[in-house]
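Chains, contacts and geometry: an overview
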Amino acid sequence: VQLQTSGGGLVQAGGSLRLSCAASGRLFSWYRMGWFRQAPGKEREFVASSHWSGSITYLADSVKGRFTISRDNAKNTVYLQMNNLKPEDTAVYYCAIGVNTPPAKVKVSNEYDYWGQGTLVTVSS
């Protein structure tokens, strides 16, 4: 499995961005798909997760009501729609795939097996 992350950029506070995670290789519906981010000087943190099928979505409390996950089956791509962005959302965003990630550990980055290269999101105040 290979992942290609894109869509980052510079946006003003209150603006929106849509990140893409394009996957190649054989993927199964039960695979766990996750979005994480890492701000400068901080540890990588969980943002959102769902099954590759799109079901059972989890969101970090800090992004609930602002971020959503969607997918395009034809393109084998999952999207992270980010609305009402805040300066504290500034980070490098990564998508990841977990083959056997249990529900209790969807927020744990070590439970994911494949990672995209990351895309930088910068939110100015």
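Before going into details, it helps to say that this report is about the structure given with it. (Residues numbered from 1 in each chain as written. Predicted model: local features only at pLDDT ≥ 70, side-chain atom pairs only at ≥ 80, totals over all residues. Heavy atoms only, no water.)

With that out of the way, let us pick up unusual backbone geometry. A positive phi angle, close to 50°, is found at N76, a residue other than glycine. Structurally, N76 can be placed in the loop between β7 (67-72) and β8 (77-82). Note on N76: relative accessible area 22%, which makes it partly exposed. Here N84, not a glycine, exhibits a phi torsion of approximately 50°, which is positive. Mapped onto the elements of the fold, N84 is located in the loop between β8 and β9 (91-98). Overall, N84 belongs to the partly exposed group, its relative accessible area being 42%. (Helix = DSSP H or I, 4+ residues; strand = E, 2+ residues; numbered from the N terminus. Buried < 20%, exposed > 50% of the residue type's maximum accessible area, 1.4 Å probe, protein only.)

Further remarks concern the packing of aromatic side chains. Using the criterion set out here, one finds eight aromatic pairs in the structure. For the pair F36 and F46, a centre-to-centre distance of 5.8 Å together with 75° between the ring planes defines the contact as edge-to-face. Of this pair, F36 sits in strand β4 (residues 32-38) while F46 sits in strand β5 (residues 45-51), and the two are 10 residues apart along the sequence. The ring of Y79 carries the charged tip of R18 above its face, separated from the ring centre by 4.0 Å. We note R44 situated over the ring of Y94; from NZ or CZ to the ring centre the distance is 4.0 Å. (Phe/Tyr/Trp six-rings, centres within 6.5 Å; stacked < 30°, edge-to-face > 60°. Lys NZ or Arg CZ within 6 Å of the ring centre and 35° of its normal.)

Glancing now at the environment of Y58. Here Y58 lies in strand β6 (residues 58-59). Note on Y58: relative accessible area 27%, which makes it partly exposed. Here the alpha-carbon distance between Y58 and G34, two residues 24 residues apart in the chain, equals 9.1 Å. With residues up to four places along the chain from it excluded, the contact list for Y58 reads R32, F46, V47, A48, S49, P103 and V106. (Contact = heavy atoms within 4.5 Å.)

Attention now goes to the pattern of salt bridges. Enumeration according to the criterion identifies five salt bridges in this entry. The salt bridge involving D61 is made with K64; its shortest N-O contact spans 3.1 Å. With a relative accessible area of 63%, D61 lands in the exposed category. Residue classification places K64 among the partly exposed residues on the basis of a relative accessible area of 49%. With a closest N to O distance of 2.7 Å, R66 and D89 form a salt bridge. Here R66, found in the loop between β6 and β7, pairs with D89, found in the loop between β8 and β9; they are 23 residues apart in sequence, far enough to count as distant. Accessibility classification places R66 together with D89 in one group, the buried group. One salt-bridge network, held together by shared partners, links R37, E45, R66 and D89. (Salt bridge = Lys/Arg side-chain N within 4 Å of Asp/Glu carboxyl O.)

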